Amino acid sequence: MEEALKKKFEKGPLNFEAYFSEKALKMKASEIRELLKLVETSDVISLAGGLPNPKTFPVDIIDKILDEVIREHADKALQYGTTKGFTPLRLAIAEWLRKRYSIPTSKVDIMVTSGSQQALDLIGRVFINPGDIVVVEAPTYLAALQAFSFYEPNYIQIPLDDEGMRTDLLEEKLRELKAEGKKVKLVYTVPTFQNPAGVTMTEERRKHLLELASEYDFIIVEDDPYGELRYSGKPVPKIKALDTEGRVLYLGTFSKILAPGFRLGWIAGEPHFIRKLEIAKQSVDLCTNAFGQVVAWKYLEGGYLEEHIPKIIEFYKPRRDAMLEALEEYMPEGVKWTKPDGGMFVWVTLPDRVDTKLMLEKAVKRGVAYVPGEAFYAYRDVKNTMRLNFTYVDEDKIREGVKRLAETIKEEL
Ligand SMILES: Cc1ncc(COP(=O)(O)O)c(C=O)c1O
């Protein structure tokens, strides 16, 4: 026995990497995330996070609902559910989409997912072949790139301006591709209060995007986690509400309007698409957390969500204002930033020569952190941008953080 043990140790440790699949070998942890982890525990003011503020979680409402869920719905809440989701919740979501966004839900099916993050992965599974052309905004949501990249698409980046995706440039690109005999499969957009840029696509561009989808025959993924968090300006119709051909898959989530811990989101789309997504989900997790779904159903059905959204807005708006004011006050000439009407982020662009990834360490030494913009580009080809979050820290800290950041930038220029 001892001899056998000795032999085992003589063999040395396993070559762990040798067991991974080729795809797993391509997955890399982000070095920035590692650095930012350290920041969370120090007294650095972190404008880097992407978290909703826990003070916006409707704890009292959840407390009340939980009691009812346990007393009256334990059979459903503690049981496996169907892959597509808890039917009363799906109906309540459909009603929300119809009433609030005028999405004609008679032609739409809904599947509940484990956050919209899972929806992104399922969309990758169901729609992306290796080499398929996927259009993303530049910049775009980092974790969508991570989700899609597993399925090995070819990305095309379309720049954003203050009115969202430059659909004129998309049109040019589509023409070029057509001339080469190529086709776009899918366009991914976060059209409202974009992560990371904070900008919103105008109604005109939304319509243009749909026209292009029809002419060049692609599908659109409209990812909308922030749409309800509007602090100023007028609502813009959802792309899905303007979709007459069933080309749009609309992603929603409870993460920013209830709490992300529930891990609850949904996909609304053409029943034929949803059916395939449902089959794809079966092998991933059988069904989304049933307990959370029953809670979310009560939250919607009881009218609590409608009541709670204005409170979240009231909480975040002064923070957004504080950040925009501080940027105006402290930033040196040559620095530009977006002015979001909602959501959680401001996007800052520095003069070309500044590499925000290299600057991060200096900023952290001065006591402030941000997310360097590079990782939000499919081709990591832009170095002089950063994302700032205004929902997590309070107003005084936002002002102080922006001041420290401005000092760091001045030193760099
Ligand atoms: C644009 C975008 N899509 C999807 C998600 C994922 O959200 P969920 O918590 O629903 O998985 C986020 C989260 O921050 C996001 O910003």
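Cut-offs and rules
- Residues numbered from 1 in each chain as written.
- Predicted model: local features only at pLDDT ≥ 70, side-chain atom pairs only at ≥ 80, totals over all residues.
- Heavy atoms only, no water.
- Helix = DSSP H or I, 4+ residues; strand = E, 2+ residues; numbered from the N terminus.
- Rg over C-alpha atoms; globule rule 2.2 N^0.38 Å.
- Buried < 20%, exposed > 50% of the residue type's maximum accessible area, 1.4 Å probe, protein only.
- Areas by Shrake-Rupley, 256 points an atom, 1.4 Å probe, with all protein chains shown as cover.
- Lys, Arg positive; Asp, Glu negative; His and termini not counted.
- Charge placed at Lys NZ, Arg CZ, Asp CG, Glu CD.
- Pairing = 2+ DSSP bridges.
- UniProt positions renumbered as here; feature names shortened; annotations may be inferred.
- Near = heavy atom within 4 Å.
- Polar contact = N/O pair within 3.5 Å; in protein donor to acceptor, adjacent residues only side chain to side chain.
- 1 Å grid on protein atoms, 1.4 Å probe; cavity = no way out; pocket = protein on both sides within 12 Å on 5 of 7 lines; lining within 4 Å.
- Sits in = over half its atoms within 2 Å of the grid points.
- Nonpolar A, V, L, I, M, F, W, Y, C, P; charged D, E, K, R; others polar.
- Points joined across faces, edges and corners; volume = space filled by probe spheres on them.
- Domains from an automatic or database assignment.
- Contact = heavy atoms within 4.5 Å.
- Buried area = accessible area lost by both parts, 1.4 Å probe.
- Salt bridge = Lys/Arg side-chain N within 4 Å of Asp/Glu carboxyl O.

## Some details on the overall build of the protein
- The number of helices and strands found in the protein is 15 helices and 14 strands.
- For 413 residues, the compact-globule estimate of 2.2 N^0.38 gives 22 Å, and the protein sits close to it at 23 Å.
- Looking at the protein residue by residue over its 413 residues, the buried ones come to 54%.
- Roughly 19,900 Å² of accessible area belongs to the protein as shown, and the carbon and sulfur atoms make up 52% of that amount.
- Each charge sign in the protein was given a centre, from 60 positive and 65 negative side chains, and these centres are 2 Å apart.

## Details of the pairing of strand E9 (residues 265–269)
- With five of five residues buried, E9 lies mostly within the body of the structure.
- Of the two faces of E9, the one holding Gly 265, Ile 267 and Gly 269 and the one holding Trp 266 and Ala 268 are both buried throughout.

## Digging into the sheet that holds strand E4 (residues 154–161)
- Spatially, E2-E9-E8-E7-E6-E3-E4-E5 is the arrangement adopted by the eight strands of the open sheet, whose pairing is mixed. Looking at strand neighbours, the two that pair on one side only are strand E2 (109–113) and strand E5 (164–165), the edges of this open sheet.
- Taken together, the six bridges between strand E3 (residues 133–138) and E4 define a ladder with parallel strand orientation. Residue pairing for E4: Ile 133 is matched across the bridge by Asn 154.

## Some words on the UniProt feature "domain: Aminotransferase class I/classII large" (unreviewed entry) in the protein
- Those residues carrying the UniProt feature "domain: Aminotransferase class I/classII large" (unreviewed entry) are residues 62–405 in this numbering.
- In residues 62–405, helix accounts for 46% and strand for 17%; the two terminal C-alpha atoms are 38 Å from one another.

## Quick word on the site of the ligand
- The local shell around the ligand holds 14 residues, among which Ser 116, Asp 223, Tyr 226, Thr 253 and Ser 255 are the closest.
- In this structure, Asn 195 approaches the ligand through a side-chain N or O atom, which is 2.8 Å from an oxygen atom.
- Here Asp 223 contributes a side-chain N or O atom positioned 2.5 Å from a nitrogen atom of the ligand.
- More than half of the atoms of the ligand fall within 2 Å of the grid points belonging to the largest pocket.
- Considering every element that reaches the shell around the ligand, the biggest residue donor is helix H6 (residues 115–127), with three residues.
- Taken together, the residues of the shell around the ligand break down into five nonpolar, six polar and three charged.

## Focus on empty space enclosed by the protein
- What the rule picks out here adds up to one cavity of 30 Å³ or more.
- Around the largest cavity, the lining comprises 15 residues; the ones closest to its centre are Tyr 101, Asp 224, Pro 225, Glu 228 and Thr 253.
- Put simply, the parts of the chain that give the lining of the largest cavity at least two residues each are helix H5 (87–101) and strand E8 (248–253).
- The leading source of residues in the lining of the largest cavity is E8, at three residues.
- A class-by-class count of the residues in the lining of the largest cavity yields eight nonpolar, three polar and four charged.

## So, the domain arrangement of the protein
- Segmentation of the protein into domains returns domain 1 (2–57 + 307–412) and domain 2 (79–304).
- Across the contact, 31 residues belong to domain 1 and 39 residues belong to domain 2.
- For the pair domain 1 and domain 2, the summed buried area comes to about 3,000 Å², and 62% of that belongs to carbon and sulfur atoms.
- Considering only the surface of domain 1 that becomes buried against domain 2, Ile 309, Asp 341 and Phe 376 emerge as the three largest contributors, covering 19% of it.
- Counting every contact that joins domain 1 to domain 2 gives one salt bridge.
- Note that Glu 152 and Lys 26 form a salt bridge whose closest N and O atoms lie 3.1 Å from each other.

## Remarks on the pattern of salt bridges
- One pass over the full model with this rule turns up 38 salt bridges.
- We note a salt bridge from Arg 100 to Glu 228, for which the minimum N-O separation is 2.9 Å. Of this pair, Arg 100 sits in helix H5 while Glu 228 sits in the loop between strand E7 (219–223) and helix H10 (239–242), and the two are 128 residues apart along the sequence.
- Note on Arg 100: relative accessible area 35%, which makes it partly exposed.
- You can call Glu 228 buried: its relative accessible area is 12%.
- When the shortest N-O distance is used, the salt bridge between Glu 203 and Lys 207 registers 3.1 Å. Taken as a pair, Glu 203 and Lys 207 lie in helix H9 (residues 203–216) at a separation of four residues, close to a single helical turn.
- One salt-bridge network, held together by shared partners, links Lys 183, Asp 217, Glu 245 and Arg 247.

## Quick look at the sheet that holds strand E13 (residues 371–372)
- In spatial order, the strands read E10-E11-E14-E13; together these four strands make up an open sheet with antiparallel pairing. Both edges of this open sheet fall to strand E10 (336–337) and E13, since each of them pairs with a single strand only.
- In terms of strand pairing, E13 meets strand E14 (residues 385–389) through two bridges, oriented antiparallel. The residue bridging Pro 372 from the neighbouring strand is Met 386, located in E14.

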